[in-house]
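Residue-level structural notes
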Amino acid sequence: VSTQSTGSSGINAEYGGKCQAYYMWIDGSGQGLRGKTRTLDEPCTNMDDLPIWNFDGSSTSQACGENSDVYLKPVAIFKDPFRRGDNILVMCETLTHELEPHPTNYRRECNANMDRCKDQHPWFGIEQEYTMFDFTGRHPYGWPQNGYPGPQGPYHCGVGAENVKGRKVVEAHYRCCMYAGIKIAGSNAETMPSQWEYQVGPCEGISMGDHLWVSRWILSRLAEEFNVVISFDPKPIPGDWNGAGCHTNISTQKMREPGGLEEIYKAIKCLSTKHAEHILSYDPMGGADNKRRLTGRHETASIDNFNYGVAHRGASIRIPRQVAADELGYFEDRRPSSNADPYTVTNRIVKTICLGE
């Protein structure tokens, strides 16, 4: 899965003390990642020491050909699990030629709002669901060539070749994330065969978006090694099959303290008044993608209605049973789609429950 480590010193003499930095950014679709590599003269662990770079925005739906350069500003560093050694992955935000946030840069506003409510210490944990397809990107990985697998039931958290497809990819992704410094918390097979989930968090503030985006890149990059295509489509297979979400778990410091359940109910009340605004922010197509998924079936609430409940997986908001028993903790927003931008999602959440906007 990865190249051989460059040794305990992290610097291979063959590289002359240099290292590689892979700069990645979100493209104009709002859901794809692009990236390219540059050589650094020496290893770098301080983000402020990384140079601003640029790319051809006319090739990523982010600029016109007459003014195509878009700047890349490093915002987070992770260890590279493929090149290893002192080589790094660099999450970047995009800037215009005037060094202002690019129209596709949703991180900047999210970071500003996280800073405004930092005294409330918002924590997030995101459950990223995805589906594996074969190399064509059209046929679910491991499904029969003609027809469909058996009905849903034995696949969720299952075991055995008849129930589980793609575990090698999942296990390798888990270890790559751990190596990189991603706060991966767990993984499991999902309800539809070839569909999986991993969890990232808890992360405070803006780091949630950074960690989730880089974990997605690692997954898609790793899948190349297995000739597998990763889909974050929220309803990849029409019909009686579960869709894919990006369930977002949220808490503030007050929610995590004794009496926190009351704070959770206050937050849910705020969310109930902003349902339409959240739906617009919970997939990159302004709700069009989620409309295929949030039908009121397959463990979802209807996109048109807001509801909540304890241990209710058909609700917009679920309060875990243990949280209700402990009367403190967190709640889960089940509405975000699997291809949602975590910067947009977490920004909309803190605007509603922390900033009253």
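Residues numbered from 1 in each chain as written. Predicted model: local features only at pLDDT ≥ 70, side-chain atom pairs only at ≥ 80, totals over all residues. Heavy atoms only, no water.

Brief notes about the pattern of salt bridges
To be explicit about the condition: Between Lys or Arg on one side and Asp or Glu on the other, a salt bridge is scored when a side-chain nitrogen of the former is within 4 Å of a carboxyl oxygen of the latter. Only DSSP runs of H or I reaching four residues or more are called helices, and only runs of E reaching two or more are called strands; each is numbered from the N terminus. Classification of residues uses two cut-offs on accessible area relative to the type maximum, computed with a 1.4 Å probe and protein chains only: under 20% is buried, over 50% is exposed, and between them is partly exposed.
Under the counting rule described, the total for this entry stands at 17 salt bridges. Taking the shortest distance from any N to any O, the salt bridge between Glu93 and Arg108 comes out at 2.6 Å. In this pair, Glu93 is assigned in strand E5 (residues 88-95) and Arg108 in helix H1 (residues 107-116), connecting sequence segments 15 residues apart. We classify Glu93 as buried; its relative accessible area is 5%. Residues Arg292 and Asp289 are paired through a salt bridge, measuring 3.3 Å at the closest nitrogen-oxygen approach. Owing to a relative accessible area of 36%, Arg292 belongs among the partly exposed residues under this scheme. Each member of the salt-bridge network shares a partner with another, and the members are Arg221, Glu224 and Glu225.

Section: unusual backbone geometry
Backbone torsion omega between Gly201 and Pro202 reads 0°, so that peptide bond is classified as cis. For Arg84, which is not glycine, the phi torsion reads 60° and is therefore positive. As for its position among the elements, Arg84 is in the loop between strand E4 (69-79) and E5. Notably, Cys157 is not glycine yet its phi reads approximately 55°, a positive angle. For Cys157, the position within the fold is in the loop between strand E6 (123-133) and helix H2 (167-180).

Details of the sheet that holds strand E3 (residues 53-56)
Going by this rule: Any two strands between which DSSP finds at least two bridges are classified as paired. Every axis in this analysis is a line fitted to C-alpha atoms, fitted for helices over the stretch in contact. Angles between the N-to-C directions lie between 0 and 180 degrees.
The strand order across the open sheet built from five strands is E2-E1-E5-E4-E3, with neighbouring strands paired in mixed fashion. Two strands lie at the open edges of the sheet, namely strand E2 (33-40) and E3, each paired on one side alone. Along the sheet, successive strands turn relative to each other by an average axial angle of 40°, direction set aside.

Thoughts on the packing of aromatic side chains
The condition that has to hold: Side-chain rings of Phe, Tyr and Trp, where Trp is taken by its six-membered ring, are said to pair if the distance between their centres is within 6.5 Å; with planes under 30 degrees apart they count as stacked, over 60 as edge-to-face, and otherwise as tilted. A ring has a charge above it when a Lys NZ or an Arg CZ is no more than 6 Å from the ring centre and no more than 35 degrees off the ring normal.
One pass over the full model with this rule turns up nine aromatic pairs. Taken together, a centroid distance of 5.2 Å and an interplanar angle of 85° make the contact between Tyr23 and Trp53 edge-to-face. A residue pair is termed long-range when its members are at least 10 positions apart, and Tyr23 in strand E1 (residues 19-26) and Trp53 in strand E3 qualify at 30 residues. Across this residue pair, the class does not change: Tyr23 and Trp53 are buried. Plain terms: the ring middles of Trp143 and Tyr148 are 6.1 Å apart, the flat faces sit at 65° to each other, and that makes the pair edge-to-face. On the accessibility criterion, Tyr148 (60% relative accessible area) is exposed. An aromatic cluster of three or more residues is present, and its members are Tyr22, Phe82 and Trp217. Directly above the aromatic system of Trp53 lies the positively charged group of Arg38, at a separation of 4.8 Å from the ring centroid. The ring of Trp123 is capped by Arg256, whose NZ or CZ atom sits 3.6 Å from the centre of that ring.

Digging into the nonpolar core
Applicable threshold: Here, the term nonpolar core denotes a set of buried Ala, Val, Leu, Ile, Met, Phe, Trp, Tyr and Cys residues that are joined through side-chain atoms within 4.5 Å. Any pair of residues with heavy atoms lying within 4.5 Å of one another is described as a contacting pair.
Counting 63 residues, the largest nonpolar core has Met91, Tyr130, Ile218, Phe331 and Ile353 as its most contacted members. It is helix H3 (residues 207-225) that provides the largest number of residues to this core, a total of nine residues. Among all residues touching Ile218, those that are not within four sequence positions of it are Pro81, Phe82, Leu89, His173, Cys176, Cys177, Ala180 and Ile182.

Observations concerning the pairing of E6
Counting buried residues in E6 gives 10 out of 11 residues, a clear majority hidden from the surface. Relative to strand E8 (residues 195-204), E6 runs antiparallel, the two being bridged by eight bridges. Across the sheet, the residue bridging to Tyr130 is Trp196, located in E8. Pairing of E6 with strand E10 (residues 246-251) involves six bridges; the strand directions are antiparallel. Each residue of the ladder has a partner; that of Trp123, found in E10, is Ser251. Alignment of E6 against strand E9 (residues 229-231), held across three bridges, turns out to be antiparallel. By the bridge assignment for E9, Thr131 is matched with Ser231.

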